Amino acid sequence: RVQLVESGGGSVQAGGSLRLSCATSGYGYTYTNYCMAWFRQAPGKEREGVAAISPSGGSTNYADSVKGRFTISRNNAENTLDLRIHSLKPNNTAMYYCAARRSTCALGLKPNDYDYWGQGTQVTGSS
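Here's what I pulled together on the structure shown here.

Rules of the game
- Residues numbered from 1 in each chain as written.
- Predicted model: local features only at pLDDT ≥ 70, side-chain atom pairs only at ≥ 80, totals over all residues.
- Heavy atoms only, no water.
- Helix = DSSP H or I, 4+ residues; strand = E, 2+ residues; numbered from the N terminus.
- Buried < 20%, exposed > 50% of the residue type's maximum accessible area, 1.4 Å probe, protein only.
- Contact = heavy atoms within 4.5 Å.
- Disulfide = S-S within 2.5 Å.
- Core = buried A, V, L, I, M, F, W, Y, C linked by side-chain atoms within 4.5 Å.
- Phe/Tyr/Trp six-rings, centres within 6.5 Å; stacked < 30°, edge-to-face > 60°.
- Pairing = 2+ DSSP bridges.

Focus: the side chain of T24
Next, step 1: With respect to the helices and strands, T24 occurs in strand β3 (residues 18–25).
Next, step 2: On the basis of relative accessible area, T24 is assigned to the buried category, the value being 9%.

As structure tokens, this is what we get:
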């Protein structure tokens, strides 16, 4: 069973930066076999994909709205996933979730592309 735990959320002024992290674990879990992604969901809105990364970390996919500002990365030695957020905007405010896919990875940004989810961490951009 795979477990994902996000951390690093908080309130940041517009234009600021922060880094979200996701720690992964589970019996028999092999982190390098999984495609990973970050999603976010604001109140009253659908969950949307932010960024995805291949098992090796060599390929990424970003939503158009965050290209050039957000960076997804993974540390396979520590079984962790990060999202670096730069130039934060107030409308980036949302609950941010990490997600894992156990089968083939196409760097999808749809919720049903992923099998396991963390509990989320709140990010608030203030102006």
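Examining the environment of S127
Next, step 1: Note on placement: S127 falls in the segment after β11 (121–126).
Next, step 2: Those residues in contact with S127 that lie beyond four places of it in its chain are A14 and P90.

Examining the state of the cysteines
Next, step 1: Inspection of every chain in the model, using the stated rule, returns two disulfides.
Next, step 2: The disulfide that involves C22 links it to C98, with 2.1 Å between the sulfurs. Judged by the sign of its S-S torsion, about 50°, the bond between C22 and C98 is right-handed. With C22 in strand β3 and C98 in strand β9 (residues 94–101), this pair connects stretches of sequence that are 76 residues apart. Comparing C22 with C98 shows no difference in burial state: the two are buried.
Next, step 3: Here C35 pairs with C105 through a disulfide, and the sulfurs are 2.1 Å apart. With a gap of 70 residues between them, C35 in strand β4 (residues 35–41) and C105 in the loop between β9 and β10 (116–117) connect regions that are remote in the sequence.
Next, step 4: Sequence-ordered numbering of the bonded cysteines in the protein chain yields a pairing of 1-3, 2-4.

Some remarks on the nonpolar core
Next, step 1: In terms of nonpolar packing, the biggest core is built from 28 residues, with W38, L81, L83 and Y96 touching the most fellow members.
Next, step 2: Listing elements by their share of this core, those giving two or more residues are β3, β4, β5 (48–53), β7 (70–75), β8 (80–85) and β9.
Next, step 3: Leave out the neighbours within four places in its chain, and L83 touches L18, R19, L20, W38, V50, F70, T71, I72 and Y96.
Next, step 4: In this structure, C35, A37, F39 and Y114 belong to the second largest nonpolar core, which totals seven residues.

Some thoughts on the packing of aromatic side chains
Next, step 1: Under the counting rule described, the total for this entry stands at three aromatic pairs.
Next, step 2: Between F39 and Y114, the ring centres sit 5.4 Å apart and the planes meet at 75°, which makes this aromatic pair edge-to-face. With a gap of 75 residues between them, F39 in strand β4 and Y114 in the loop between β9 and β10 connect regions that are remote in the sequence. Y114 matches F39 in its accessibility class, with the two residues each being buried.
Next, step 3: Among the aromatic side chains, those forming a connected cluster through ring pairs are F39, Y114 and W117.

Thoughts on the pairing of strand β1 (residues 3–7)
Next, step 1: Residues of β1 alternate between two faces, with L4 and E6 buried on one and Q3, V5 and S7 left unburied on the opposite face.
Next, step 2: Where β1 lies against β3, five bridges are found, and the strand directions are antiparallel. Residue pairing for β3: L4 is matched across the bridge by T24.

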